[in-house]
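A look at the structure
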Amino acid sequence: MRTFILTTIIFFIITEVWTADASSSVKRPRKKRAWIVDFGPMSFNLEEEHDGVFPHTLGQLSVEKDLLPGCFLSGPGVDEEPMDLFQLDQNRAVIEVNEKVDYEKNKNFTLRLGCISSENVHTRLEVEIQVLDVNDNAPVFDKASYETNVKESTPQGTDLVTVQALDLDDSSTGNGLFTFTILSVSPEPTNLEFFIKQQSQTGWISFRGCLDYEEAQKYTIVVEAKDHGEPVQQSSTATVTVNIIDSNDHKPELSVKMGSGMVKERETGVVVYMLEVKDGDHQGSASWRAKYTLHGEKAKNFKIETDLTTNDGIISVVAPLDFEESPELTLSVSVENEEPLFSCKVKQRQSGSLWDVDYFRDVSSSALLSFPITITVEDTNDPPELTHAVEHVTIMENTTAGQILWTFTAMDQDSSSPADFRFLKGEDVDNWVTVDSETGQVSTVKVLDRESPFVKDSVYTVTVYVVDKGEPPMTGTGTLVIHLLDQNDNLPVLEMNTLRMCLSDTITDITAVDLDLPPFSSPFNYELLGDVKEKWRIEPSFGTTVSLVKDSSVHSAYSGPTVKGPTVRLGAPAIAIILISVLLGILLVMFSLFFCAHKKDKLLMMEIQDVECSLIPYNIEAPGTDASNSLQKWIWTQTPELKQQKYLQTLQSWH
């Protein structure tokens, strides 16, 4: 049942389609076509730069005559740029060209041909016009001239310069293809041949053989680019300049085989020899300039410089030489150029390939030449030398005159006899010493005082000269450094020897100084004597600066206290020795008044003025010793010899 229904539906559809098609055929009878172009693909060829009469016929169209009035052209070359280049002759059914066509601007045109029939039927076809190239352009170089600099040492086969050219003609034909050729080289080389390699529109100029700066410093090459057009070939040329830069292909040559010079010993800054060399390379270039190096045991005493104008080597002395050490010495000088040496020689020429050449280039060093020089050292008078140029001695101050400090000895390389020189005293600002001119012995002529203004940091310096008897006389210098040990030979001294106190004042400071060094100087002991209890006191009693304190009960009519001090704080043995020294001083006072040299009194006096009080001076340096002013004065005006004796006794008592 289902099969029957499906078959009925299909039959009905087929019947309806056939009926509709028959009805359409009756209503729309078929009409005849308007025109037919029996031309296949509509195309034409047009040669560029056609020089005939314009307009000229490009090609014939196959179109029925009754349709021509309704045909028209459009597209580039008609109603688009370039305008009015082509036109349609409807009477003859041909396409015409109105002017020359340039292939380099337009290689083809695509036109549209349209026709409208009387039944208003539109038909459109494309018309292809292919422009044929002619050889109307020569290849042109990108530059009219090229220039390059090439070192003489450049090996063959190296590309020197690149040239390029362009031909606007069709590159698929001989019109747009070209070849580079070297037309000429000036000057004409002998052991050299330039050639050009080409790839497409680019060429590389190279060479075979050896470049030679001495033969030619510049080459001018004319290069031609010629196309392969028919029947006429187009070409152009460019000029290539190759500048040759000198390289080191000549060794420096010495004018002599060996040399000699002379210099006085100890002489510096003088020229002893000038080394002359010749070089065949370009003057002033790195391949011409010479570099010199000195060799030998004493080479450091000399220097060698290059004269930039002559290229000579100038040898001079920079450190003194000693005849006694080396009366004659030998130096060697090596000479090389700043640029490495190379060489190139043609062995055999080969056509179409690089030549057989003998090429050498030393990249590590240059041509090295060795030149011996003998230097003679002329003897001159050498200065004598002290065996100890600086000598330190130590001595106690207040040492008696005539004490031997040191004996200088000298030696002279020119003579071994001590009698050939003498000693002289140089600097001795306070005239403390004398120098024996024959033996060099240095002795004191004064009592040495460490507190002298000419002593710095307990050191006094004396200069001694030793002079030989040569021609001219020469001098050596020695220095004697005297270190002075301190003695307690200076009293403490108040910084201010006059003080004023008003009744309203209760305290004042007392400061003492001592030129001696510790332990013979500060701090000091201070002490008040007399009836001062609950009236005056010193706070503290030990130090460099102390305070004198007045009690409020002291009135203006009161006599001031007696101060014992300041004294140097010493141990018990030292105090005992000082007491013994005082007793000895009393026994010898009369002798010291007549025979001892008096030193300037070193008295310590302090008096409080304008008030009824005073400080009584006790000018001693040991605590606990009370004596009159005359006795104190005698103690501190003893001779240095006696003080030295007491000092030794003190040292013995300590041991």
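A brief look at the structure comes next. As the structure is a prediction and not an experimental result, all values here were calculated from the model. Each chain has its residues counted from 1, following the order in which its sequence is written. In view of the model being predicted, local features appear only for residues whose pLDDT reaches at least 70, and side-chain atom pairs are presented and counted only at 80 or more, with totals across whole chains, interfaces and linings using the full set of residues. In computing side-chain properties, one takes all heavy atoms of the structure into account and sets aside hydrogens as well as water.

**Some remarks on the nonpolar core**
Here is the rule: We call a set of buried Ala, Val, Leu, Ile, Met, Phe, Trp, Tyr and Cys residues a nonpolar core when their side-chain atoms join them within 4.5 Å. Burial classification: accessible surface area is computed with a 1.4 Å probe over protein chains only, and a residue below 20% of its type maximum counts as buried, one above 50% as exposed, and the rest as partly exposed. Numbering of helices and strands starts at the N terminus; helices are DSSP runs of H or I of at least 4 residues and strands are runs of E of at least 2. Here a residue-residue contact requires only that any non-hydrogen atoms of the pair lie within 4.5 Å.
Core analysis: the biggest nonpolar cluster contains 25 residues, and Phe 141, Phe 180, Phe 194, Ile 205, Val 223, Val 240 and Val 242 have the highest contact counts within it. Mapped onto this core, the elements with two or more residues apiece are β9 (145–151), β10 (161–166), β11 (178–186), β12 (192–199), β13 (202–209), β14 (218–227) and β15 (235–245). Look past the residues within four positions of Val 223 in its chain and what remains in contact with it is Phe 141, Phe 180, Thr 181, Ile 196, Ile 205, Ser 236, Thr 237, Ala 238 and Val 240.

**A closer look at the sheet that holds β14**
Quick reminder of the rule: Following DSSP output, two strands are said to pair if at least two bridges run between them. An axis is simply a line fitted to the C-alpha atoms; with a helix, the fit covers only the stretch in contact. Between two such axes, the angle follows the N-to-C directions and lies from 0 to 180 degrees.
Reading across the sheet, the four strands line up as β9-β15-β14-β11 and stay open at both edges, with mixed pairing between neighbours. Pairing within the sheet leaves two strands with one partner each, and these edge strands are β9 and β11. On average, adjacent strands in this sheet sit at an angle of 25 degrees to one another, irrespective of strand direction. Strand direction decides the pairing type here: β11 and β14, joined by eight bridges, are antiparallel.

**What about the side chain of Ser 443?**
Quick reminder of the rule: Pairs of N or O atoms within 3.5 Å make up the polar contacts considered here, provided that, within protein, one atom can donate a hydrogen while the other can accept it, and that residues adjacent in sequence are counted only when both atoms are side-chain atoms.
Examined against the element boundaries, Ser 443 turns out to sit in strand β33 (residues 441–444). Residue class for Ser 443 comes out buried when judged on its relative accessible area of 9%. A polar side-chain atom of Ser 443 sits 3.4 Å from a polar atom in the side chain of Gln 441. When sequence neighbours within four positions are dropped, the list of residues in contact with Ser 443 reads Gly 402, Gln 403, Ile 404, Leu 405, Trp 432, Val 433 and Thr 434.

**A word on the pattern of salt bridges**
We apply this condition: Put simply, a salt bridge is a Lys or Arg side-chain nitrogen that is within 4 Å of an Asp or Glu carboxyl oxygen.
Within the structure shown, the criterion is met by 15 salt bridges. In this structure, Asp 159 and Lys 197 form a salt bridge, with 2.9 Å as the shortest nitrogen-oxygen distance. In this pair, Asp 159 sits in the loop between β9 and β10 while Lys 197 sits in strand β12, placing the two residues 38 residues apart along the sequence. Using a relative accessible area of 39% as the deciding quantity, one classes Asp 159 as partly exposed. A salt bridge links Glu 451 to Arg 450, with the nearest nitrogen and oxygen atoms 3.1 Å apart. One salt-bridge network, held together by shared partners, links Asp 89, Arg 92 and Glu 96.

Purely geometric numbers; function is a separate question.
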